[in-house]
Amino acid sequence: MLASSSSSSTTAMDDESSDDNKINGITHHHNSVSRWPSNDALDKRIYKIALPCIANFAINPLIGAVDLFWVGRMGNALAIAGQAAANQVFSSTFWLVSYLPSVTATLVSKEHAKNDKEGVQDAICQAMFLGFIISIFGTGLMLTKPDLVLKSVLQADAPAMEFAKPYLFIRAFSFLPSLITTTSFAAFRGILDTVTPLQISLFSNFFNAVFDPILIFNQNMGVRGAAYATLAAEIISAVTFLKILFQRKMVRWSKLLKLPQWATLKPLLLGGLALQLRNLALNITFLSVARVTQSIDNSGVSAAAHSIAIQVFQVGGVVLLAMSTVAQTLVPNEMVPKVDQKTGEIKSGGIRAAKALVNRLMSWGFVLGSILGAFQILLLPMIHKFTPIVEVQEAARVPSLISSILQIINGLVFIGEGVMIGCGNFLTLSLTTVVATIGILAALQVFPQKYGLAGVWMGFGVFNILRLSGVILHQKRIGPIALRNIIEKEKEEAIRIQNGSI
């Protein structure tokens, strides 16, 4: 842990001088905590949380790649395009409530840092209760209005609709199990346990990998078989998570079945409303991308190639997304000062320690983004393994290359946005995403017409550059970890001390 107190605190070598800084009588020693990865105690704390998170996040795209592989073996580009469209609709619908795990992890992390077990229970149970109510509407929408939701990415007469509708119908039943799984995962992250979710994920997704070829080919179900395999894995995961949550007394039936009080529900709803704006913007972005991709040609080649480019992106993207959750987990925990009960002195934590942690995480984002982007480029010759269709292979090459190059930016963006969530600055994150969405919508009006599918991925470049601008603004100017805001807060604290008000 990083030492921090009213007389001595730790900070990263960012804009600060390496000399001691004295503000109104309070001296802050800028200890030698490097901004860059150095395999020190801070890095080891990050490893402990990050490695299981990365492995856990790697499983989902790996399973997605397995689904894509077996559906691709059907030799029908429309089957791939239909599955991709249905998956996009399910993901977009699910993202409307994806704020729930993000806010839950932050609330649980803060309560855990204060060693408040009742507070941890309240945060998890109120999220589960709210998630159950929302899932009723999400599942109902996809079951009763499949044509309506699929029209967001497919033309009504698109040939791929034949495969998309039955796939979406089956996937709709996994809405509640998926929400239970993601909320439970967030709860375990909040108590700094990332190993248990990894074990559950490996266990449940093993069944998906086994069932795919059996149901798709042996049982001759086609894309329906892929949907059933995914549904089975989601149910197994949700049931396992709930069992362990009860065993560890992280949830209680009395709280799960009780309407939460406004005092405990308020942080979840307020944070959720702010993040809902972000999720709406992300939905508009990815639905627009999917629609433009599907409209490039009616053969399904561009849509299938886009799915492959997404899979190439996720080879490295999954690591960076996992690091974002590490930031969401560690930052709120680190911002809470850890006080020695005997002496009353702060042993560790605090805003300066959080600043040092953020600086290190951002450096890791840049390093990992660069390495993973290069690794993805080395994997490009393997594209033919995803599908035997030569036209799809060729169409996927340039978009896959662009997605690889963009990982350098993504490393900074994903971790930076995780920091915003960890700091509780949900509205700032949402407004940044809205601006980025406006940017990509404008880009999609121009680039695809000139460059085809590659133009879609150029639009992603615009999207993430604008998001990076928001990250920089948060960390340098307006966020609680911005150095000028830290100094201003310390000045105010010093004045209160001098005036004898604390």
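Please refer to the structure higher up on the page.
Rules of the game
Residues numbered from 1 in each chain as written. Predicted model: local features only at pLDDT ≥ 70, side-chain atom pairs only at ≥ 80, totals over all residues. Heavy atoms only, no water. Helix = DSSP H or I, 4+ residues; strand = E, 2+ residues; numbered from the N terminus. Buried < 20%, exposed > 50% of the residue type's maximum accessible area, 1.4 Å probe, protein only. Contact = heavy atoms within 4.5 Å. Areas by Shrake-Rupley, 256 points an atom, 1.4 Å probe, with all protein chains shown as cover. Lys, Arg positive; Asp, Glu negative; His and termini not counted. Charge placed at Lys NZ, Arg CZ, Asp CG, Glu CD. Axes fitted to C-alpha atoms, helices over the stretch in contact; angles between N-to-C directions. Left-handed = near helix turned anticlockwise from the far one by under 90°. Nonpolar A, V, L, I, M, F, W, Y, C, P; charged D, E, K, R; others polar. Salt bridge = Lys/Arg side-chain N within 4 Å of Asp/Glu carboxyl O. Expected span 1.5 Å × (residues − 1). Bend = angle between axes of the 7 residues up to and from the residue. Core = buried A, V, L, I, M, F, W, Y, C linked by side-chain atoms within 4.5 Å. Polar contact = N/O pair within 3.5 Å; in protein donor to acceptor, adjacent residues only side chain to side chain. Patch = residues over 30% accessible without salt bridge, like charges linked within 9 Å, V, L, I, M, F, W, Y side chains within 5 Å.

Visitor: Go over the overall build of the protein with me, naming the residues and quoting the values.
Guide: What the protein contains, in helices and strands, is 19 helices and four strands. Structurally, the protein occupies a C-alpha span of about 75 × 55 × 35 Å along its principal axes. Evaluated residue by residue, the protein yields a buried proportion of 56% over its 502 residues. Considering only intrachain contacts with a sequence separation of at least 6, the fraction spanning at least 24 residues in the protein is 79%. Carbon and sulfur atoms form 64% of the exposed surface of the protein, whose accessible area is close to 21200 Å². The average position of the 40 basic charges and that of the 29 acidic charges among the side chains of the protein differ by 4 Å.

Visitor: Can you tell me about the packing of helix H13 (residues 351-379) against helix H15 (residues 407-423), naming the residues and giving the values?
Guide: It is at 7 Å that the axes of H13 and H15 come closest, and there the two elements cross at 150°. Between H13 and H15 lies a crossing of right-handed hand. Residue-level inspection shows Val358, Leu361, Met362, Trp364, Gly365, Phe366, Gly369, Ser370, Gly373 and Gln376 of H13 in contact with H15, the latter providing Gln407, Ile408, Gly411, Leu412, Ile415, Gly416 and Val419. When its residues are assigned to classes, the contact of H13 with H15 shows nine nonpolar, eight polar and no charged.

Visitor: I'd like a description of unusual backbone geometry, backed by residues and values.
Guide: Even without glycine at this site, Asn115 takes up a positive phi of about 60°. In this fold, Asn115 is placed in the loop between helix H3 (99-113) and helix H4 (117-144). On the basis of relative accessibility, which here comes to 62%, the residue Asn115 falls in the exposed class.

Visitor: Requested: an account of the pattern of salt bridges, with residues and values cited.
Guide: Pairing between side chains of opposite charge can happen when the charged atoms of each approach one another. Counting across every chain of the model gives 13 salt bridges. The shortest N-O distance in the salt bridge between Lys114 and Glu111 comes to 3.7 Å. Lys114 sits in the exposed class, given a relative accessible area of 53%. Exposure remark for Glu111: the relative accessible area of 19% places this residue in the buried category. Arg352 is paired through a salt bridge with Glu490; the nearest N and O atoms lie 2.7 Å apart. In this pair, Arg352 sits in helix H13 while Glu490 sits in helix H19 (residues 483-498), placing the two residues 138 residues apart along the sequence. In this structure, Arg352 and Glu490 share a single accessibility class: buried.

Visitor: Can you explain helix H14 (residues 390-405)? Please cite residues and give values.
Guide: For H14, with 16 residues, the first-to-last C-alpha span of 24 Å sits near the 22 Å given by 1.5 Å per residue. Bending of H14 peaks at approximately 35° at the position of Arg397, with proline Pro399 no more than four residues after it. Those residues of H14 that sit buried are Val392, Gln393, Ala396, Pro399, Ser400, Ile402, Ser403 and Ser404. Tucked into the core, H14 has its buried residues touching helix H12 (301-335), H13, H15 and helix H18 (453-478).

Visitor: Outline the nonpolar core, supporting the account with residue identities and numerical values.
Guide: Taken as a class, soluble globular proteins show a tendency for nonpolar side chains to be buried jointly. With 130 residues, the main nonpolar core has Ile46, Met323, Val326 and Leu361 as its most contacted residues. No other element matches H12, which puts 17 residues into this core. Setting aside residues up to four positions removed in sequence, Leu361 forms contacts with Ile46, Met323, Val326, Ala327, Val331 and Ile415.

Visitor: Describe in detail the side chain of Arg171, supporting the description with residues and values.
Guide: Turning to its location among the elements, Arg171 is positioned in helix H6 (residues 161-171). At 2.9 Å, the side chain of Arg171 and the side chain of Asn87 are in polar contact. Residues contacting Arg171, with those up to four places away along its chain left out, are Asn87, Phe90, Ala227 and Thr230.

Visitor: Can you tell me about a nonpolar patch on the surface, naming the residues and giving the values?
Guide: A cluster of nonpolar side chains, Leu277, Leu280, Ile284, Leu427 and Leu431, forms an exposed patch at the surface whose accessible area comes to about 410 Å². Elements with a contribution of two residues or more to the nonpolar patch: helix H11 (262-295) and helix H16 (426-444). Mapped onto the secondary structure, Leu277 falls in helix H11. You can call Leu277 partly exposed: its relative accessible area is 31%.

Visitor: Explain the environment of Ala77 to me, using residue names and the numbers behind them.
Guide: With respect to the secondary-structure elements, Ala77 resides in helix H2 (residues 77-95). In this structure the C-alpha to C-alpha distance between Ala77 and Ala305, which are 228 residues apart in sequence, comes to 9.2 Å. When neighbours within four sequence positions are excluded, Ala77 is seen to be in contact with Ser299, Gly300, Ala304 and Ile389.

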